[in-house]
Structure formats: C-alpha cells, structure tokens
Amino acid sequence: MNLIFASSNKNKIKEISALMPSNIVLQGLQDVGITQEIPEPGTTIKENSFLKANFVIDFLKNKNTSVFADDSGLEVEALNNAPGVYSARYAGTPKNDDANNKKLLQELNTKTNRKAKFVTIITLILNGQVHYFEGEIKGTIAFEPRGNTGFGYDPLFIPQGYRSTFAELGAEVKNSISHRAIAVKKLVEYLKNSQP
Ligand code: IMP
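Each chain has its residues counted from 1, following the order in which its sequence is written. In keeping with the predicted nature of the model, local features appear solely for residues at pLDDT of at least 70, side-chain atom pairs appear and are counted solely at 80 or more, and the whole-chain, interface and lining totals rest on all residues. Excluded from the side-chain calculation are hydrogens and water; included are all heavy atoms of the structure.

Asks: What's the story with the site of the ligand in this structure? I'm lost.
Replies: The nearness test applies per residue and asks whether one of its heavy atoms lies within 4 Å of the molecule or strand. By nearness alone, 15 residues border the ligand, and Ser72, Asp154, Lys174, His179 and Arg180 come closest of all. Here a polar contact is recorded for every N or O atom pair within 3.5 Å, except that within protein the pair must consist of a potential hydrogen donor and a potential acceptor, and residues adjacent in sequence are included only if both atoms are side-chain atoms. Within the side chain of aspartate 71, a nitrogen or oxygen atom sits 3.3 Å from an oxygen atom of the ligand. A distance of 3.1 Å separates a nitrogen atom of the ligand from a polar atom in the backbone of tyrosine 153. Method for areas: the Shrake-Rupley scheme with a 1.4 Å probe, in which residue coverage is limited to the protein chains shown. Bound to the protein, the ligand loses 91% of the 480 Å² it would expose on its own. A run of H or I in DSSP becomes a helix once it reaches four residues, and a run of E becomes a strand once it reaches two; helices and strands are each numbered from the N terminus. Of all the secondary structure elements, the ones that give two or more residues to the shell around the ligand are strand S3 (67-76) and helix H6 (179-194).

Printed below as a string of structure tokens:
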C-alpha cells in the first residue's frame, strides 16, 4: 500500500519510513508532485495537522488516497501554553530558531514556573476515515541554551527525568523518547494491526 506523508522534510521521511510495516511504501510530498508549501491557517496543532493531511486529498482529487500529516509545538505552562501552534514563528517571520529561543527566555524571565511540554498530533486519513495519534513529552525550560544537536527549542528543553537538554542528549536519545516518536509509534502500531 502507498501511504503519503504530508512532508517535504527528507530527514523526517527517511526516519519514519524505516519504522513503517514492510507492506507500506511511504511517499513524501515531492513523490506525488506537491512542491508548494502547505498552508497552516489553523489555530490549534490538531487543526493544522488535519488541514495538512486533508490538503493532500484535495490536491490529488482522490478520496481514496491514504495520507498522514504531523504537526508539533511547544506548550509552556506559565505562558498559557504559548507558543503552541505558533512555535515555528514565535519571534516572527521568517522562521528563526535562535530568535524563538531568545524570545522564550525573555517571556519566562519573570516566571518561576518553567514547566513545558512538546506535543505532536498525527492525522491519518485512511479509506476516508480520520484517525488521530498524539504524543507528548513533559519537561522544563532551561535558563540558557545548551547543546548543539537537533533544531527548534531543543537547546532549551530538558525532558523530565534528565538534566540535559534535547540538544545535549543527541538524536538517538531524543528520537527514542520524543513527542514525535511516541505519536509515530502509535501510528505504526495502528497500521500494523489494520493492514491485511
Ligand atoms: P513541526 O510541526 O514539526 O514543523 O514543528 C513546528 C515547530 O515546533 C518547529 O519549527 C519548532 O519550533 C517546534 N518543534 C517541534 N518539534 C520540536 C522538537 O522536537 N524540538 C524542538 N522544537 C520543536
């Protein structure tokens, strides 16, 4: 079965492809001729996750297309769950990870509560039915950026049970415990159990 992953991020496609059941051929957006950036006008992570998956169905004009999309964000308790759905462009456009991290530290400057969580919601549209798979990881926000690996808020996020940030822990540890990994595992389990 062909399954489209509504992403053009080659690293993400490769990583998730390796986890898929053997009867599934994963295709990225470029493989199905979608080269434009998919709009994300939603006001929640779940909405944007759905909109991305649904965009592919609409674009290909084929209701039988099987597709999934993921959307993630960082929710900080003392900031009423901001930046959330706006994580990528928290400090404005164009998207800039360093500026986002600086803004986050500034916003937390006067707060003692540094609790946060990363959230991923995957939307799978299979045979016209919509399924959601969620993953989250709790942690705290460091007082300054630490570490060199990863992307986004990785230098500031310390997962619960650890003293290092995601950027210090490195890809292998991060990919075994992350919000995205948890959601992908749930998707893979579902696909394994639902495919003949
Ligand atoms: P996306 O939906 O995976 O593209 O994530 C949206 C934004 O959330 C990213 O641009 C990052 O700012 C932030 N984000 C999501 N996942 C992570 C992560 O694993 N580490 C650091 N930042 C992340």
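Asks: I keep staring at unusual backbone geometry and nothing clicks. Help me out?
Replies: Leave glycine aside and you will find that most residues have negative phi; peptide bonds, for their part, are mostly trans. For the peptide bond that leads from alanine 82 to proline 83, omega is 0°, which places it in the cis range. Tracing the chain through its elements places proline 83 in strand S4 (residues 82-83). A cis amide bond, omega -10°, links threonine 93 with the succeeding residue proline 94. By secondary structure assignment, the location of proline 94 is in the loop between S4 and helix H3 (97-107). The backbone of lysine 61 sits at a positive phi, close to 50°, despite the residue not being glycine. Tracing the backbone shows lysine 61 in the loop between helix H2 (45-60) and S3. The residue asparagine 81 is not glycine, and still its phi comes out positive at about 70°. Mapped onto the elements, asparagine 81 comes out in the loop between S3 and S4.

Asks: What is the right way to read H3 from this model?
Replies: Because each turn of an α-helix spans 3.6 residues, side chains separated by three or four positions in sequence point in the same direction. Exposed residues in this analysis have more than 50% of their type's maximum accessible area, buried residues have under 20%, and partly exposed residues fall in between, with area computed by a 1.4 Å probe over protein chains only. For H3, the full list of buried residues reads Asn100, Asn101, Leu104 and Leu105. Buried residues of H3, seen end-on, are gathered within an arc of 135° and therefore sit on one face of the element. Turned more than 90 degrees away from the buried face of H3, the exposed residues are Asp98, Lys102 and Gln106. We call two residues contacting when some pair of their heavy atoms lies within 4.5 Å. Elements that come into contact with the buried residues of H3 comprise S3 and strand S6 (129-141). The N-capping residue of H3, defined by a side-chain oxygen 2.9 Å from the backbone nitrogen of aspartate 98, is asparagine 96. Directions from the helix axis toward the C-beta atoms define the arc.

Asks: Just checking my understanding: could you explain the environment of lysine 14 for this structure?
Replies: Within the secondary structure layout, lysine 14 lies in helix H1 (residues 10-17). Through-space distance from the C-alpha of lysine 14 to that of glutamine 27 is 9.9 Å; in sequence the pair is 13 residues apart.

Asks: Just to check I follow, could you spell out the environment of glycine 28 for this structure?
Replies: The topology assignment puts glycine 28 in the loop between strand S2 (25-27) and H2. Between the C-alpha atoms of glycine 28 and leucine 187, which are 159 residues apart in sequence, the distance is 16 Å. Sequence-distant contacts of glycine 28, that is, excluding residues within four places in its chain, are made with Phe5, Ser7 and Ile13.

Asks: Would you mind going over the pattern of salt bridges with me for this structure?
Replies: If charged atoms from side chains of opposite charge come close, those side chains can pair. We count a salt bridge whenever a side-chain nitrogen from Lys or Arg sits within 4 Å of a carboxyl oxygen from Asp or Glu. Counted according to the given criterion, the structure contains 9 salt bridges. Among the salt bridges present, the one from lysine 52 reaches glutamate 40, with a minimum N-O distance of 3.8 Å. Residue lysine 52 is located in helix H2, and its partner glutamate 40 is located in the loop between S2 and H2; the two are separated by 12 residues in the primary sequence. Classification of lysine 52 as buried rests on a relative accessible area of 9%. Look at the salt bridges and you will find they share partners, linking Lys12, Asp70 and Arg180 into a network.

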